[in-house]
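Residue-level listing of the chains:
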Amino acid sequence: MSDLIALKFRLNGVGRTAAVEPQVMLADLLREQLGEIDVRVSCDQGVCGVCTVLVDGIPTTSCLTPAFLVADREVTTVKGLSGNATGLTDVQQAFIACSAFQCGYCTPGMVVSATALLAEHPSPDRQTIRDWLDANVCRCTGYQTIIEAIEMVAAQRQAQAQTTTAEAAD
Amino acid sequence: MPDTLRQNLKLSDTARQDARDKVSGEGPFAGDITLPGMLEARLLRSPHAHARIIAIDTSRAEAVEGVRLVATGRDLGLLKQTTYGNWVHDQPVICTDRVRFEGDVVAAVVAVDETTAFRAMELIHVSYQLLPPVMDIHEARSDAAPELFDQKHPNVPMKLGRDTRTANEPAKNVLFSYDFEDGDIDAVEAGAAHVFTDRFHFSRIGHFYMEPWICVAQQLTDRIELWSCNQDPFVLRQDLSELFGLPEGHFRVRTAYVGGGFGGKSYCKHEPLAVLLTMLANAPVRLLMTLDESMLTLSQHDGDLVLTTSVDAQGKLLSRRTEIDLNGGAYADASAQVCARAAYRSSGPYRWQAYHAHSRVIRTTTIPAGSYRGMGGTQASYASESQIDMIARRIGMDPIAFRRLNLIPPGEPFKDGDSKVDADFAEGLDRVVSDLRHVDVPTDGPWAHGKGFAIGLKDGGSFGRLGKATVKVTTDGRVLVLCGAIEIGQGATTVISGLVADVLKVPREWVRYAAIDTDVTPFDQGTHASCATTLTGNAVWRAAQKLRGEILELAAGELDCAAADLDLREWKVTGKGLSLDLKELVRKKFGRFGFELSADGFVQYPKEADAPFGAKHLYWMPHWVGVSLSVDRETGEIHINDLVTGVDAGHTLHPGGVRGQDEGGTLVALAQTLFEEITYNEEDELAVPTPLDYRVARASDLPDRYQSFILEQGMGPGPMGAKGVGEAGMLGVSAAVANAIEDATGVRLTSLPFTPEKVLAALDAAAE
């Protein structure tokens, strides 16, 4: 078949190397070759958002992204968001507090998208949240609890920031 | 941790049992299972709706490096029976002579990897002789339509209860028929002030569960092991046993988390093919479908419903005749159950002097239809609650007052011989009416505004269902609960673990929900009909209570006092000034190496010939809906201004779970009402073959304002009065929207979905 492309990239903060055929997609590299089962695949056509990961911080549908494109880039899956093996981010904790998932299959992609949204818009209004979430399909929840989880994180972070500012002022 | 102990369970502030597994992406789901030497299987599907298979040339595909085998209808020698299905066994494991829908399976490739399998698949050449397609139920019943099967199939008669007849394959292209005749309807109609007949068309949607359908199978030395996304592992085991002519115990079915199903992962699907492929390849095989293929595996039933309803001069409902034809698609699957239930449920939450229902499943050359969240109750509620509103308007009554006048009160049997209604329908109706907010919208311009209400209704299943569970506690006081309720997103593991923690008075973190494995899990008839809480929950509750009682008895023996004087909390037995630790107790009784104390629980709802369905229905699941909307008279667009929905949880065991069931189902139903639909084009090809074409609800489709509520009417048969809510969200939405559109425009829509084109056409027709 075709020649393999060798690439180096960072995956969840750790340097990795891989050799892939040009048609191999990032999702397959992560799941099948590197065993990152937290990257899940559903539509395989870039419309459902289940396979969303961050590439240099930008939410990316890994099922439609050729793997060789992540050479020298930073890839973050849901597992890498918290920066440690056992912890959960505030976004993940809010998903738990709001019961913002049911079957859990779309949840990794949903958490990744929500994380990117909050990085871009620290205090998103409802319309912004809906616009961003349109990239991710959830067939279980009806989305309302997911939106509430995102709003909860935004409010918590804002309250924390105010506390920090107040402390600094003291 | 005394704050996590609750006398009267309510897990309002507790996380779901599966929370960490899911938000961290760890799973596992069946697709995460990788076995050494595992091969990948992919399916070649028919591009035609109806055709005869003349020849299949697999030689070029077989010659591809990395291809282990190509299986076709010639390779069914290992099977004792080659077709399966519920009640009527008509679906071939792999097509032999004919294909009956676009997507029917004609060949399977097993290869070292997915890419090789796909490449080989393109090299299979199938010669078809095209046959006339039969795309809808009217065509299928016409004289010109071809018979879709040459002969009748092995089948199991569906035996129900009083005044009921059913038949398998009774006529040309008819899969199943159901007739229920309760009361002298001619006499009742003769005395009525009004008799109204109305026809409704129900559309069909796909399940679109996010975890595509998957089965991993491996041949061990003397048995088969499966990892499956199926929600009915024991039913599947039984089907595999019958198909292969091997004992049930030959098959070990294991189930991980299931990534959504909504009915689409119930009963046998392509697991027999996965098993056949692993036997032929003598290696582990993964059969993983794409989401497109998952959509071809099963759908909801579209159909026509004709209701003839009589009413007296004071607005009392007297009688109803229901005639339903459902599109069963190419193969039986669970169509017969949907058909019977749609007919029975079309009487809605009302009292009748006479009720007759006749329903049929018609075969067509389209995607097989089967279980879909709502299970006939969605079709029934849509037609029934639409017509109730239409009749109220025709006789000059307020639709809410008309409903109130006719509702079955709590405690009265749904029908003679059936269970008593365990919901207060009027309370929920009052709540949606009062909660639906006035929306300040402009009254000029093209917008017409209206409000609509509905009470969707379905029962929680019957057929003499049962639940079974084992609860055991290790020497160090950790609990393992074993039962067959599959975690498919509904929160079964949370509710069931919570019940056990509540009875045994231990923190919920001490309770683990055992993995599902037909070798060790107590038998279960399937995670169906929103019954995990009611059926399995009761069995688990009993097991936990029995275990608690046994521990107290044991302690009483050791302490030489009466069990009634003792209390058990966090594994400390106390009372009469005495205290004993569970570990001490176990060691004292069973020695240094410990013991596992355990108890079983079992519930079964009896069969009763006097009940119309042959057993009383477990409980009643209403869905109250109120909607305020605006219709753009120029474009036909519908804008939902406010939506209120509610369910009766009986007693809420997990508020987040209950709310999620209602809201999630409601949004799917709203999508079906406004735009989502499986359609075929004029060339009889699937018009929405991929997730790119098929539109489901996204976050932007959520109405601007949507409030759901939970009533706890306390009459459910589950633990502490709980009952299921899993399918409720599907039930009331379509009718409420149709009723609101009529309220706004004076025009009645009777054919789902209510697209702008249909709204405009109806407005134009009314203007002429």
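Per chain, the residues get numbers from 1 upward, laid out in the order the sequence is written. Going through the entries in the order they are written, you letter the chains from A and number the ligands from 1. A pLDDT threshold of at least 70 governs which residues receive local features in this predicted model, and a stricter bar of 80 or more applies before side-chain atom pairs are shown or counted, although totals over entire chains, interfaces and linings include all residues. Side-chain measures were taken over the full set of non-hydrogen atoms in the model, leaving aside hydrogen atoms and water.

*Asks:* Whenever I open this one, the pattern of salt bridges confuses me. Can you help?
*Replies:* Close approach of charged atoms allows side chains of opposite charge to pair. Residue and element names in this part refer to chain B. By definition, a salt bridge exists where a carboxyl oxygen of Asp or Glu is found within 4 Å of a side-chain nitrogen of Lys or Arg. On inspection of all chains with the given rule, the structure shows 59 salt bridges over all chains. Of the charged contacts in the structure, one is a salt bridge between Asp-18 and Arg-16, with a shortest N-O distance of 2.9 Å. A salt bridge links Arg-659 to Glu-663; the shortest N-O distance between them is 2.8 Å. One end of the pair is Arg-659 and the other is Glu-663, both in helix α16 (residues 655–674) and four residues apart, which spans about a single turn. Accessibility expressed as a relative area gives 2% for Glu-663, which makes it buried. Starting at the N terminus, helices and strands are each numbered in turn, a helix being any DSSP run of H or I of at least four residues and a strand any DSSP run of E of at least two. Accessibility here uses a 1.4 Å probe with only protein chains present; expressed as a share of the type maximum, an area under 20% marks a residue as buried, one over 50% as exposed, and anything in between as partly exposed.

*Asks:* Looking at this structure, I do not really get the side chain of Thr-673 of chain B. What am I missing?
*Replies:* Residues and elements named next belong to chain B. Here Thr-673 is to be found in helix α16. Judged by relative accessible area, which is 0%, Thr-673 ranks as buried. A polar atom in the side chain of Thr-673 sits 2.8 Å from the side chain of Ser-734. Beyond its immediate chain neighbours, meaning those up to four positions away, Thr-673 contacts Val-733, Ser-734, Val-737, Leu-752, Pro-753 and Phe-754. N or O atoms within 3.5 Å of each other form a polar contact, as long as, within protein, one can give a hydrogen and the other can take it, and as long as residues adjacent in sequence are counted only when both atoms are side-chain atoms. In this description, contact between two residues means that some pair of their heavy atoms is separated by no more than 4.5 Å.

*Asks:* What should I look at first to understand the nonpolar core in this one?
*Replies:* A general trend in soluble globular proteins is that nonpolar side chains are found buried together. Core analysis: the largest hydrophobic core is formed by 226 residues, its most contacted members being Phe-95 of chain A together with Ile-124 of chain B. Top contributing element to this core by residue count: helix α17 (residues 733–745) of chain B, with eight residues. Excluding residues that lie within four positions of it along the chain, Phe-95 of chain A makes contacts with Ala-100, Phe-101, Thr-107, Met-110, Val-111, Ala-114, Ile-146 and Ala-149 of chain A together with Val-23 of chain B. As used here, the term nonpolar core means buried Ala, Val, Leu, Ile, Met, Phe, Trp, Tyr and Cys residues forming a set that is joined through side-chain atoms within 4.5 Å. In this structure, Val-258, Tyr-513, Val-725 and Ala-728 of chain B belong to the second largest nonpolar core, which totals 55 residues.

*Asks:* Sorry if this is basic, but what is going on with empty space enclosed by the protein here?
*Replies:* Sizing a probe to match a water molecule and rolling it over the atoms shows the empty space that remains. Residue and element names in this part refer to chain B. Points on a 1 Å grid, built from protein atoms alone, make a cavity when a 1.4 Å probe fits but cannot get out and make a pocket when they are open with protein on both sides within 12 Å along at least 5 of 7 lines; residues with an atom within 4 Å of a point are the lining residues. Grid points are joined across faces, edges and corners, and a volume is the space filled by probe spheres set on the points. One pass over the full model with this rule turns up nine cavities of 30 Å³ or more. Space inside the second largest cavity adds up to approximately 50 Å³. Forming the walls of the second largest cavity are Arg-465, Leu-466, Asp-524, Gln-525, Gly-526, Thr-527, His-528, Cys-531, Ala-532, Leu-535 and Thr-536. Among the elements that take part in the lining of the second largest cavity, helix α14 (residues 532–559) stands out by supplying three residues, more than any other. In the scheme used here, Gly and all other residues not listed as nonpolar or charged are polar, with Ala, Val, Leu, Ile, Met, Phe, Trp, Tyr, Cys and Pro taken as nonpolar and Asp, Glu, Lys and Arg as charged. For the lining of the second largest cavity, the per-class residue count stands at four nonpolar, five polar and two charged.

*Asks:* What am I meant to see in the environment of Leu-277 of chain B here?
*Replies:* As for its position among the elements, Leu-277 of chain B is in helix α7 (residues 271–281). If near-sequence neighbours (up to four positions away) are discounted, Leu-277 of chain B is found in contact with Ala-41, Leu-69, Ala-71, Ala-108, Val-110 and Val-285 of chain B.

*Asks:* Just checking my understanding: could you explain the packing of aromatic side chains for this structure?
*Replies:* Residues and elements named next belong to chain B. Two rings from Phe, Tyr or Trp (for Trp, the six-membered ring) form a pair when their centres are within 6.5 Å of each other. A pair whose planes differ by under 30 degrees is stacked, one over 60 is edge-to-face, and the rest are tilted. Considering all chains together, one arrives at 17 aromatic pairs over all chains under this definition. Ring geometry for Phe-29 against Tyr-257: centres 6.1 Å apart, planes inclined by 55°, an arrangement best described as tilted. Residue Phe-29 is found in the loop between α1 (19–23) and β1 (39–45), and its partner Tyr-257 is found in the loop between β14 (251–255) and α7; the two are separated by 228 residues along the sequence. Look at Phe-29 and you get buried, because its relative accessible area is 2%. A relative accessible area of 14% places Tyr-257 in the buried class. Between the aromatic rings of Tyr-344 and Phe-414, the centroid separation amounts to 5.6 Å while the plane-to-plane angle is 55°, which identifies the pairing as tilted. Of this pair, Tyr-344 sits in helix α9 (residues 335–345) while Phe-414 is found in the loop between α11 (399–406) and α12 (425–435), placing the two residues 70 residues apart along the sequence. Each residue in the set Tyr-178, Phe-180, Tyr-344, Trp-352, Tyr-355, Phe-414, Phe-613 and Trp-620 is aromatic and connected to the rest through ring pairs, giving one cluster.

*Asks:* Just to check I follow, could you spell out helix α18 (residues 756–767) of chain B for this structure?
*Replies:* Structural remark: α-helix, 3.6 residues per turn; residues separated by three or four positions point the same way. Residues and elements named next belong to chain B. One less than the number of residues in a helix, times 1.5 Å, gives the span that helix is expected to have. Over its 12 residues, α18 runs 16 Å from end to end, which matches the ideal 16 Å to within 8%, given 1.5 Å per residue. Listing the buried residues of α18 in full gives Val-759, Ala-762 and Leu-763. Take α18 and look down its axis: the buried residues cluster within an arc of 100°, on one side only. Among the exposed residues of α18, those pointing more than 90 degrees away from its buried face are Glu-757 and Ala-765. Residues of α18 that are buried make contact with β28 (620–632), β29 (638–648) and α17. This arc is built from the directions going out from the helix axis to the C-beta atoms.

*Asks:* In this structure, what is going on with the layout of surface pockets? I would like to understand it.
*Replies:* The space that makes up the second largest pocket amounts to roughly 1200 Å³. Taken together, 46 residues make up the lining of the second largest pocket; nearest its centre are Asp-28 and Glu-32 of chain A together with Asp-113, Glu-114 and Thr-115 of chain B. Going through the elements one at a time, β2 (14–20) and α1 (26–33) of chain A together with β1, α3 (114–121) and β15 (285–288) of chain B are the ones with two or more residues in the lining of the second largest pocket. When its residues are assigned to classes, the lining of the second largest pocket shows 21 nonpolar, 10 polar and 15 charged.

*Asks:* How should α11 of chain B be read in this particular structure?
*Replies:* Here α11 of chain B has its buried residues at Pro-399, Ile-400, Phe-402, Arg-403 and Asn-406 of chain B. Down the axis of α11 of chain B, the buried side of the element spans an arc of 160°, and every buried residue falls inside it.

*Asks:* Can you walk me through the interface of chain B and chain A in this structure?
*Replies:* For interface size, the figure often reported is the accessible area lost on association. Listed per partner, the contact involves 55 residues of chain B and 48 residues of chain A. Accessible area, probed at 1.4 Å, shrinks when two parts are joined; the buried area is that loss added up over both. A buried area of about 4200 Å², summed over both sides, lies between chain B and chain A, and 53% of it is on carbon and sulfur atoms. Taken as a group, Val-23, Met-210 and Arg-698 of chain B account for 18% of the area that chain B buries against chain A, more than any other trio of residues on that side. Between chain B and chain A we count five salt bridges in total.

*Asks:* What am I meant to see in the sheet that holds strand β19 (residues 447–459) of chain B here?
*Replies:* Residue and element names in this part refer to chain B. Strand pairing requires that DSSP identify at least two bridges connecting the strands. Pairing is mixed in the open sheet, where four strands are placed in the order β19-β28-β29-β30. On the outer flanks of this sheet lie β19 and β30 (706–711), each paired with one strand and no other. Neighbouring strand axes in the sheet, compared pairwise and without regard to direction, differ in orientation by 15° on average. Where β29 lies against β30, six bridges are found, and the strand directions are parallel. By the bridge assignment for β30, Gly-646 is matched with Phe-709. All axes here are fitted lines through C-alpha atoms, helices being fitted over the stretch that makes contact, and every angle between N-to-C directions spans 0 to 180 degrees.

*Asks:* So what exactly am I meant to see when it comes to the pairing of β19 of chain B here?
*Replies:* Residues in a regular strand point their side chains to alternate faces of the sheet. All names here are of chain B. The element β19 is extensively covered by neighbouring structure, given that 10 of its 13 residues are classed as buried. Pairing between β19 and β28: 13 bridges, direction antiparallel. By the bridge assignment for β28, His-449 is matched with Ser-630.

*Asks:* Looking at this model, I keep getting lost on the sheet that holds β1 of chain B. Mind explaining?
*Replies:* The pairing of strands in a sheet happens through backbone hydrogen bonds and is either parallel or antiparallel. Residues and elements named next belong to chain B. Taken in spatial order, the eight strands of this open sheet run β3-β7-β1-β15-β12-β13-β14-β23, and their pairing is mixed. In the strand order of this sheet, the two ends are held by β3 (67–72) and β23 (516–517), each with one partner. As judged from the three bridges shared by β1 and β15, these two strands associate in the parallel manner. Paired with Ala-41 across the strands is Leu-287, a residue of β15. On top of the sheet, α7 reaches β1, β3, β7 (105–111), β12 (214–219), β13 (224–228), β14 and β15; it is set at about 35° to β12, its chief contact.

*Asks:* Whenever I open this one, the confidence of the model for chain B confuses me. Can you help?
*Replies:* Regions with low pLDDT should not have their predicted coordinates read in detail. Confidence scores here are pLDDT values: one per residue, from the predictor, ranging 0 to 100. In the predicted model, chain B carries a mean pLDDT of 94, and the fraction of residues at 70 or more is 98%. Considering only residues more than four positions removed or in separate chains, one finds that residues 1–9 of chain B, a stretch of pLDDT under 50, has 26 contacts.

*Asks:* How do you make sense of the domain arrangement of chain A when you look at a structure like this?
*Replies:* Residues and elements named next belong to chain A. Where a domain begins and ends is set by an automatic assignment or by a domain database. Along its sequence, chain A is carved into domain 1 (5–80) and domain 2 (90–169). Here domain 1 and domain 2 have C-alpha centroids that lie 23 Å from each other. Of the residues lining the interface, 15 residues belong to domain 1; the matching set on domain 2 comes to 13 residues. Taking both sides of the interface into account, the surface hidden between domain 1 and domain 2 amounts to around 1000 Å²; carbon and sulfur atoms contribute 66%. When the area that domain 1 buries against domain 2 is broken down by residue, the three leading residues are Arg-40, Val-50 and Val-78, summing to 42%. Joining domain 1 to domain 2, the criterion identifies zero salt bridges. The tally of links between domain 1 and domain 2 comes to three residue pairs in polar contact (both at pLDDT 80 or more). Looking at the side of domain 1 that touches domain 2 element by element, the count peaks at three residues for strand β3 (residues 52–55). Class assignment for the residues of the side of domain 1 that touches domain 2 results in eight nonpolar, five polar and two charged.

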